[in-house]
Amino acid sequence: AYWPLAETSGSTVTDASGNGRSGTYTAVTLGATGIGDGRTAATFDGSTSFANVYSASLDSAFNNQEITLACWMQVSAVGVWTDAANRCMAHLGADITNNFVRIIKTTVDNTLQVRYAAGGTLKTASFVVASPTVWVHVAVTVSKAADEVKMYVNGVQQGGTQTALGIWAGALGSTFCTIGVQRTTLTMPWSGNLAHVAVWASALTAAQIGILATVA
């Protein structure tokens, strides 16, 4: 699925992949200045905004052992980086504890992190930013076959390759497939803009991630 978040009105989060896996916005402001590719972005208010992208079709297509989850992010202000709050850009999971993949800003100052939990085994990779308010591309790739979780920031791998992955259990949950929050009950709300959120049923290569992180 591919959600550009480039709508200028309405409540539908359009899946531009052609697979029809669209979602629904709640309290999201549309039409923000985008990454520089001619498209707009979506603004999340850090409190009530989120997008729910769960669908039975997404669940059916989701490969919980071979994944790439990627997005462009921009915080609303420098102070967001030091607000001691977890803030989630994107989350896909059967739950929020044992089986999920997510991209967040952590409670630690200026720190981005990707997390993949499978069967209760959690793997993380982190990256310390220099408090920017510019657009940043973040991606996580998961391959159970290769026993690897990797994090990429602006197309470059960061945080080291994580190994010894667990085995995912359970289908995607209807409240745990979200953009701008960890779950639909508004935990870890994002404060800032998001664009070009996408998920693949494979672990993309470093070269492919580099292309995603390039503004054309």
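One can find the structure itself at the top, above this paragraph.
What counts as what
Residues numbered from 1 in each chain as written. Predicted model: local features only at pLDDT ≥ 70, side-chain atom pairs only at ≥ 80, totals over all residues. Heavy atoms only, no water. Helix = DSSP H or I, 4+ residues; strand = E, 2+ residues; numbered from the N terminus. Rg over C-alpha atoms; globule rule 2.2 N^0.38 Å. Buried < 20%, exposed > 50% of the residue type's maximum accessible area, 1.4 Å probe, protein only. Contact = heavy atoms within 4.5 Å. Areas by Shrake-Rupley, 256 points an atom, 1.4 Å probe, with all protein chains shown as cover. Lys, Arg positive; Asp, Glu negative; His and termini not counted. Charge placed at Lys NZ, Arg CZ, Asp CG, Glu CD. Disulfide = S-S within 2.5 Å. Core = buried A, V, L, I, M, F, W, Y, C linked by side-chain atoms within 4.5 Å. Phe/Tyr/Trp six-rings, centres within 6.5 Å; stacked < 30°, edge-to-face > 60°.

Asks: Teacher, can you tell me more about the overall build of the chain here?
Replies: Within the chain one finds two helices and 16 strands. For 216 residues, the compact-globule estimate of 2.2 N^0.38 gives 17 Å, and the C-alpha radius of gyration of the chain, at 15 Å, lies within 12% of that figure. Each principal axis of the C-alpha atoms in the chain carries an extent, and together these give about 40 × 40 × 35 Å. By the burial criterion, 51% of the 216 residues in the chain qualify as buried. Within the chain, counting contacts between residues at least 6 apart in sequence, those at least 24 apart form 62% of the total. For the chain, the exposed surface amounts to about 8,100 Å²; the carbon and sulfur share of it is 51%. Of the side-chain charges in the chain, 10 are positive and 11 negative, and the distance between the mean point of each set is 4 Å.

Asks: I would appreciate a short explanation of the state of the cysteines in the present structure.
Replies: Considering all chains together, one arrives at zero disulfides under this definition. Free cysteine Cys-71: the closest other cysteine sulfur is in Cys-88, separated by 8.8 Å. You can see Cys-177 has no disulfide; the closest cysteine sulfur is in Cys-88, sitting 11 Å from it. The exposure class assigned to Cys-177 is buried, which follows from its relative accessible area of 0%.

Asks: How do you make sense of the nonpolar core when you look at a structure like this?
Replies: Counting residues in each nonpolar core, the largest one holds 48 residues, and the members touching the most others are Trp-3, Leu-5 and Met-73. Looking at this core, the element that brings in the most residues is strand S7 (residues 66-75), giving five residues. Residues within four places of Leu-5 in sequence aside, it is in contact with Val-13, Tyr-25, Thr-40, Ala-41, Ala-42, Phe-44, Ile-179, Leu-194, Ala-195 and Val-197. The next biggest cluster of nonpolar side chains, apart from the first, holds six residues, and it includes Ala-32, Ile-35, Ala-41 and Ala-195.

Asks: Could you clarify how one ought to interpret the packing of aromatic side chains in this entry?
Replies: For any pair of aromatic rings, the description consists of the separation of the ring centres together with the inter-plane angle of the planes. The full count for this structure, using the stated rule, is two aromatic pairs. These aromatic residues form a ring-pair network of at least three members: Phe-62, Tyr-116 and Trp-168.

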